[in-house]
Amino acid sequence: MKYVVCVPDGCADEPCDELGGRTPLEVAVTPNLDALAGRGTVGRAAVIPDGLPPGSDVGNMAILGYDPAEFHTGRAPIEAAALGLRLAPGEVAFRCNLVRVGGDGTMEDFAGGHPTTEDAAEVIRALDAELGGDGIAFHPGVQYRHVMVAPADLADADCVPPHDLTGKPAVGPSGAAAARLAEIMEASRPIVSGSGLDANQVWLWGQGHQPSMPDFTTRHGVTAGLVTAVDLVRGLGVLTGIEVHDLATATGWYDTDYAGKRNLALSTLADGADLFVIHVEATDEAGHAGDVAEKVRALENWDTEILGPLVEGLDAMGRWRLLLLPDHATPLALRTHTSDPVPYLLVDSLTPGAGGTYTESGVADAAVVPGHSLMGELLSVG
Ligand SMILES: [Zn+2]
C-alpha cells in the first residue's frame, strides 16, 4: 500500500465577485481532481483548532496527524528545527524578522525589503556578535526570516506578527518580558540600519519552546517523506522524523516545479517509502496577493502536472490511498488566512467512496471532523 498526502497550501476560498460568485476550486478546470472526488470521499475538516492562529504551522501540523492543541508551542521553534537547531530545556526560539519601521513608528515593511539570504546572514552574524551572549543567540535563516534563541523567561510576552502590522503602528510586545524584548529590538537598530539593507531593525515574535512530537514512523508504522519549499513544513518534517527531500526547482512561488514534486513523490515511493507528502505554496501566495487568475492556474497545475500522472504512477505500483486538503483557507478577498474548516478528499484505489465534489460548496453540509484525525483515517485500512 502506498499513501500520498497532497497539500495545496491555502487553496480553500470564498465566493469571489471576480469569479461570478464562485470559488477558485469551483472555477478551475480539474478533470483529474473531479474524477478522484467522484470515486472517493469528500468532507470538511477543522485544520485550525479553536484558539490557535490560522497559520501554516498549525494547519500542516494537523495534516501530519498531530493535534496542534497538544503539540504546537509556537511557530519559531518549527522554523528553528528547519535550520537544524534543537532547543535545550530552558531555551525558547523567537522568529526574528528583518523589518523596516518608519520614523513615525509605522511598520513599513515586515520583510525588510526582501534582502538576499547572503546579505541578511552578514547582518544576523553582526547582531549575534554585538547582542549575543547570556543565552541569546541569533541564527541566520532565509531572506528576511531568521531565528533568535533566548532564555525561556523571555517568552513571557505577547508579540504581534509583523505582517499583521503592515502600514499600521508597529505595536511592540506586551507582558512580563516586553521591556527586555523591546530593548533587544531597539539595540538592533544601529546595527541593522547601518548595514546597507532596506531593513532598519529586527522584530521578534512567534516564540515557543522545543515541541516534543512523537516520531511519525513509530506512531503510524509507515515510513514517510515530504517535499516543500517552505521552512515551516521542512521543520515539521525534521521534528517528526519525516524525511525532507530537497528539490532545487521548488520555488515556493507560482513557477514552482509541480512535475518535479510529483516525480520525486513517485520515485521515493518506488524506492520503498510508504507515504509521501507533496506541499505546494503557490495557491497560498496567490491568495495573499489577491491574484484570482494565479490561484485558479495553480489549481489547474496541480491537476495536470501532479494529480493526473501521479494516479497513473501509483496505479502501476499497486494499491494506494490519497488524502488531499489545504492547511487553512486563504480567501482572495481577504488576502490572509482564515480558521474556517476546509474541504478534504480521501481516495482508496480499491474501495470506492460515496463520491462527491471537491469544492467548498460541495462539502458545505458535511459534518466537521478534526483535521489531525485524517492521517489516522488515511492509514486505517487492513
Ligand atoms: Zn499555509
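Here we summarise the structure given alongside this text. (Residues numbered from 1 in each chain as written. Predicted model: local features only at pLDDT ≥ 70, side-chain atom pairs only at ≥ 80, totals over all residues. Heavy atoms only, no water.)

1. With respect to the overall build of the protein
The condition that has to hold: Here a helix means four or more residues in a row that DSSP labels H or I, a strand means two or more in a row labelled E, and each is numbered from the N terminus. It is over C-alpha atoms that the radius of gyration is taken, and the globule rule equals 2.2 Å times the number of residues to the power 0.38. For every residue, the accessible area obtained with a 1.4 Å probe (protein chains only) is divided by the maximum for its type, and the residue is called buried under 20%, exposed over 50%, and partly exposed between those limits. Contact criterion: two residues are considered in contact whenever any of their non-hydrogen atoms come within 4.5 Å of each other. A residue counts as positive if it is Lys or Arg and as negative if it is Asp or Glu; His and the chain ends are not included. We put the charge of a Lys on NZ, of an Arg on CZ, of an Asp on CG and of a Glu on CD.
On a plain count of helices and strands, the protein comes out with 13 helices and 13 strands. In terms of C-alpha radius of gyration, the protein reaches 21 Å, essentially the compact-globule figure of 21 Å for 382 residues. Seen through its C-alpha atoms, the protein measures out along the principal axes to roughly 60 × 45 × 35 Å. The buried share of the protein, reckoned over its 382 residues, is 53%. For the protein, restricting intrachain contacts to residue pairs at least 6 apart in sequence, the fraction spanning at least 24 positions comes to 72%. With 22 positive and 53 negative side-chain charges, the protein shows a separation of 3 Å between the mean positions of the two kinds.

2. Here's the deal with the sheet that holds strand 10 (residues 275-280)
Heads up, the rule is: Strand pairing follows a simple DSSP-based rule, namely that at least 2 bridges must link the two strands. Lines fitted to the C-alpha atoms define the axes, with helices restricted to the stretch that makes contact. Angles between their N-to-C directions range from 0 to 180 degrees.
With mixed pairing, 8 strands are arranged side by side in an open sheet as 9-8-10-1-11-12-2-13. The strands lining the two open edges of the sheet, one partner per strand, are strand 9 (243-244) and strand 13 (368-370). As paired elements, strand 2 (residues 41-46) and strand 12 (residues 342-348) share 5 bridges and run antiparallel to each other. When the bridges of strand 12 are listed, A45 appears paired with V342. The sheet contacts of helix 10 (residues 258-270) involve strand 1 (2-8), strand 8 (224-227) and strand 10, and relative to strand 10 the element is tilted by about 170 degrees.

3. Some remarks on the coordination of the zinc ion
Defined as follows: Coordination here is defined by N, O and S atoms within 2.8 Å of the metal (3.2 Å for Na, K and Ca), and since water is not considered, a site can look incomplete.
Distances from the zinc ion to its protein donors, namely D9 (OD), D9 (OD), S56 (OG), D327 (OD) and H328 (NE2), fall within the range 1.9 to 2.6 Å. Each donor residue of the zinc ion lies on one chain, and together they are spaced D-x46-S-x270-D-H. Of this pair, D9 sits in the loop between strand 1 and helix 1 (24-27) while H328 sits in the loop between strand 11 (320-324) and strand 12, placing them 319 residues apart in sequence.

Any functional reading would require information beyond the geometric quantities listed.
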